[in-house]
Amino acid sequence: MATANLSSVVVAVDGSEESMKALRWALDSLRLRPDGALVVLHVQPPPGIAAGLNPGPIPFGGPSVAEVPAFTQAIESHQRRITEAILEHALKICSDKNVRGQLNDVDC
């Protein structure tokens, strides 16, 4: 069943096969207006927030209270690589369905 006349659709992907199936379904089933947009979204919390929600010490003996800049930078770099890989995979799915896409990096 195709849905028509939508101005925009957001599909969140997390790297799981289920989220990629949701993207494929959206590409196959939804019909956007000519000026519409399909937004593929992947969100990761900043390391400081994630660490702040975990009251326990870092398992491998790192500091539990003080923030170490090199540690934070390493986590941010790793998260960025994960996000890039997930969005590149989503972009490939779009390309396979003849939908042109582009990657936009947004930091909040």
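Residues numbered from 1 in each chain as written. Predicted model: local features only at pLDDT ≥ 70, side-chain atom pairs only at ≥ 80, totals over all residues. Heavy atoms only, no water.

The chain has the name UspA domain-containing protein in an unreviewed UniProt entry, where Aegilops tauschii subsp. strangulata is given as its organism.

**Student:** When you look at the overall build of the chain in this model, what are you seeing that I'm missing?
**Tutor:** Secondary structure summary: the chain contains three helices and two strands in total. For the chain, restricting intrachain contacts to residue pairs at least 6 apart in sequence, the fraction spanning at least 24 positions comes to 75%. Surface exposure of the chain reaches about 7900 Å², of which carbon and sulfur atoms provide 58%. (Helix = DSSP H or I, 4+ residues; strand = E, 2+ residues; numbered from the N terminus. Contact = heavy atoms within 4.5 Å. Areas by Shrake-Rupley, 256 points an atom, 1.4 Å probe, with all protein chains shown as cover.)

**Student:** Help me understand the confidence of the model for the chain, please; the structure alone is not making it clear to me.
**Tutor:** For residues with low pLDDT, the predicted coordinates do not support detailed interpretation. When pLDDT is averaged across the chain, the result is 79; 71% of the residues are at 70 or more. When mean pLDDT is taken per element in the chain, helix 1 (residues 17-29) scores highest with 94 and helix 2 (residues 47-53) scores lowest with 53. (pLDDT = per-residue confidence, 0-100.)

**Student:** Can you help me understand the nonpolar core in this one?
**Tutor:** Inside soluble globular proteins, nonpolar side chains tend to come together where they are buried. Val 11, Val 13, Met 20, Leu 23, Leu 27 and Ile 93 are the most contacted members of the largest nonpolar core, which has 13 residues in total. Contributing elements (two or more residues each) for this core: strand 1 (3-12), helix 1 and helix 3 (69-96). In terms of residue count, the dominant contributor to this core is helix 3 (five residues). Setting aside anything within four residues of it in sequence, one finds Met 20 in contact with Val 13, Gly 15, Ile 86, His 89, Ala 90 and Ile 93. (Core = buried A, V, L, I, M, F, W, Y, C linked by side-chain atoms within 4.5 Å. Buried < 20%, exposed > 50% of the residue type's maximum accessible area, 1.4 Å probe, protein only.)

**Student:** Would you take a moment to explain the pattern of salt bridges for this structure?
**Tutor:** Two side chains with opposite charge may pair up if their charged atoms get near one another. For the coordinates displayed, the defined rule picks out four salt bridges. In this structure, Glu 17 engages Arg 24 in a salt bridge whose closest nitrogen and oxygen atoms are separated by 3.0 Å. You can call Glu 17 partly exposed: its relative accessible area is 40%. (Salt bridge = Lys/Arg side-chain N within 4 Å of Asp/Glu carboxyl O.)

**Student:** Explain the side chain of Gln 79 to me, please; I cannot follow it from the model alone.
**Tutor:** Here Gln 79 shows up in helix 3. With a relative accessible area of 16%, Gln 79 lands in the buried category. Looking at Gln 79, its side chain comes within polar contact range of the side chain of Gln 44, at 3.4 Å. (Polar contact = N/O pair within 3.5 Å; in protein donor to acceptor, adjacent residues only side chain to side chain.)

**Student:** Looking at this structure, how should I read unusual backbone geometry?
**Tutor:** Among all residues except glycine, the phi angle is most often negative; among peptide bonds, the trans geometry is most common. Located in the positive-phi region is Asn 98, a residue other than glycine, with phi close to 60°. With respect to the helices and strands, Asn 98 occurs in the segment after helix 3.

**Student:** Just checking my understanding: could you explain the environment of Val 9 for this structure?
**Tutor:** As for its placement among the helices and strands, Val 9 is situated in strand 1. Its relative accessible area of 13% is what places Val 9 among the buried residues. Taking the C-alpha atoms as reference points, Val 9 and Leu 30, 21 residues apart in sequence, are found 8.5 Å from one another. Excluding residues that lie within four positions of it along the chain, Val 9 makes contacts with Leu 30, Leu 32, Ala 37, Leu 38 and Val 39.

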